[in-house]
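If you want the building blocks of each chain, they are given just below.
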Amino acid sequence: MEPHKKNMKEQKKKESKGDIVIQKFPLRLTGEERRLVDTLRKEAANLWNDCLDLHWWLYDVYKVWTSASEKKQWYNATTHKLHSQTIQSIIELHEETCKRTRELRAKGEKQWRYPWKYKKFFSVKYKKTAIKLTGKKLRFSNGKQQSPLVIPQPKHIDFHTIKSAEIVWHKDQYWMHIAVEVPKQKQVQGKKDAGCDLGIIHAAVLSDGKSHFIVTGRELRSLQRYRNKKLKEFQKRISRKKLGSNKRQKLILRKRRFLEKMERRIEYLLHSISKMVTDWCVENQILTLYIGTPDGVQRNTKKKKKTRKEIRQQLSNWSFGQLIEKIKYKLKLRGVKVQLVEESYTSGTCPACGEFRKQRNRNFYCQCGAAGHRDVVGAVNILDKSVNKQLTENRELPKIEDTKYRRVLLTPIVPHNGCKGAVA
């Protein structure tokens with residue numbers, strides 16, 4: 001191996017010692033800075049559209065696929081008013097998307113399509129070489145034809161840990177996403193497996209067969225119901241106002257701000273729940289976590305006490321997809337594998353006799369005399385179904401004394417009127 005190639009490999013190993021995480025924060029921009037970012041996003045969209053045109057033109061005429069190196073020869077800082085590294089990032093993103101689509105279609109997933117939709121705006125990406133630190137300001141270079149974007153350096157971000165950045169439009173506001181390198185977290189050394197049952201009242205229930213852990217989701221459900229109630233009031237008041245009136249526009253703005261506030265709170269609760277799940281897996285040295293996918297629950301609407309409309313609203317509020325993604329993300333940093341499994345009949349099948357019995361409440365009961373917690377039984381059965389490929393019999397039911405509860409609160413309860421303690 002040539003010496004310079006060996007040195008490059010060693011340098012890459014040194015650079016990839018830690019984990020890469022994304023730090024997000026809103027941008028407080030002046031009018032001039034906002035116009036600059038708007039121009040950059042439009043120029044980035046033009047570059048993306050040009051990549052689409054070149055990609056499809058070469059395929060239609062010559063039946064060949066373009067590569068990232070070929071597109072970089074066509075487009076550079078002279079053809080688009082962006083930093084050269086920003087141009088390369090967008091081209092590499094297009095190439096990565098095409099490559100992933102090609103692999104999925106080769107596996108038979110024909111519903112995946114190559115990039116085809118034109119963009120009016122596109123996120124602006126920056127590599128490490130385009131970011132400089134001047135005093136206490138971060139300077140993002142936009143090439144020779146555009147002025148740089150200068151923002152205050154966030155106090156919680158060390159400049160030397162920054163790997164890349166991206167300007168993203170979210171909820172009528174610009175956000176900066178900065179990829180930073182953090183020290184690599186200690187990996188799990190155990191070899192145990194665990195099952196996880198997701199729910200609405202109990203957000204996550206985990207079990208490794210011996211110890212059981214329940215994270216209640218009542219705070220999350222309460223927040224979602226409050227959001228729906230207030231949204232109904234906003235919609236009712238807005239419908240009474242005249243189209244184009246100032247009062248109607250003010251109500252729409254208030255509704256938008258309220259929804260943004262609720263989104264941040266729900267995001268915080270989902271992060272808290274996923275962190276509790278991660279901490280339990282690390283504490284119990286779980287190497288593989290099997291999560292039951294509640295797809296069958298969405299198809300089951302035959303209930304007596306609730307109408308179909310109420311069930312649909314309840315399921316639409318159930319953000320289990322976001323929770324699964326956050327659990328995956330956090331456990332991957334710890335070296336824990338996450339596998340999604342089908343969870344049919346896990347909450348109603350008795351571990352002792354193997355018979356299925358429809359359960360009506362949180363308490364599990366079987367005709368053979370076995371009793372326990374329904375969601376814990378579901379987590380135990382998910383683990384058994386994943387490991388043994390089927391639900392087995394002659395197993396002990398989870399004991400109440402082996403179950404721990406944790407509650408997620410949005411804000412701590414502050415003591416007043418002479419109270420000595422508070423529940424956190």
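- As annotated in an unreviewed UniProt entry, the protein chain carries the name Transposase and is attributed to Neobacillus novalis.

1. Notes on the environment of His170
Item 1. Assignment of secondary structure puts His170 in the loop between β6 (162–169) and β7 (174–182).
Item 2. For His170, a relative accessible area of 34% corresponds to the partly exposed category.
Item 3. As for His170 and Pro26, which are separated by 144 residues in sequence, their C-alpha atoms are 9.1 Å apart.
Item 4. Those residues within four positions of His170 in sequence are excluded, and the remaining contacts are Trp175 and Glu263.
Item 5. Among the polar contacts made by the side chain of His170, one reaches the side chain of Glu263 at a distance of 3.4 Å.

2. Description of the sheet that holds strand β8 (residues 192–198)
Whether parallel or antiparallel, the strands of a sheet pair through hydrogen bonds between backbone atoms.
Item 1. In space, the 6 strands of this open sheet follow the order β12-β11-β8-β9-β10-β15, with mixed pairing throughout. Where the open sheet ends on each side, the last strands, each with one partner, are β12 (337–342) and β15 (403–407). The sheet shows a mean angle of 20° between the axes of neighbouring strands, taken without regard to direction.
Item 2. Bridge count between strand β10 (residues 212–216) and β15: 5 bridges; the pairing is parallel. Bridging from a neighbouring strand, His212 pairs with Thr403 of β15.
Item 3. Relative to strand β9 (residues 202–207), helix α6 (residues 246–283) is tilted by about 5°, and along the sheet it contacts β8, β9, β10, β11 (286–293) and β15.

Cut-offs applied
Numbers given for residues are sequential positions, taken from 1 along each chain in its written order. Where local features are concerned, this predicted model is filtered to residues with pLDDT of at least 70; where side-chain atom pairs are given and counted, the filter is 80 or more; whole-chain, interface and lining totals use all residues. Only heavy atoms go into the side-chain values, all of them from the structure, while hydrogens and water stay out. Per the convention used, a helix needs a DSSP run of H or I reaching at least four residues, while a strand needs a run of E reaching at least two, with both numbered from the N terminus. For every residue, the accessible area obtained with a 1.4 Å probe (protein chains only) is divided by the maximum for its type, and the residue is called buried under 20%, exposed over 50%, and partly exposed between those limits. By definition, residues are in contact when any of their heavy atoms lie within 4.5 Å. Under this definition, polar contacts are N or O atom pairs within 3.5 Å; protein pairs additionally need one hydrogen-donor-capable and one acceptor-capable atom, and for neighbouring residues in sequence, both atoms have to be side-chain atoms. DSSP bridges decide pairing: two strands pair if at least two such bridges lie between them. Axes, fitted as lines to C-alpha atoms, cover a helix only where it is in contact. Angles between the N-to-C directions of the axes lie from 0 to 180 degrees.

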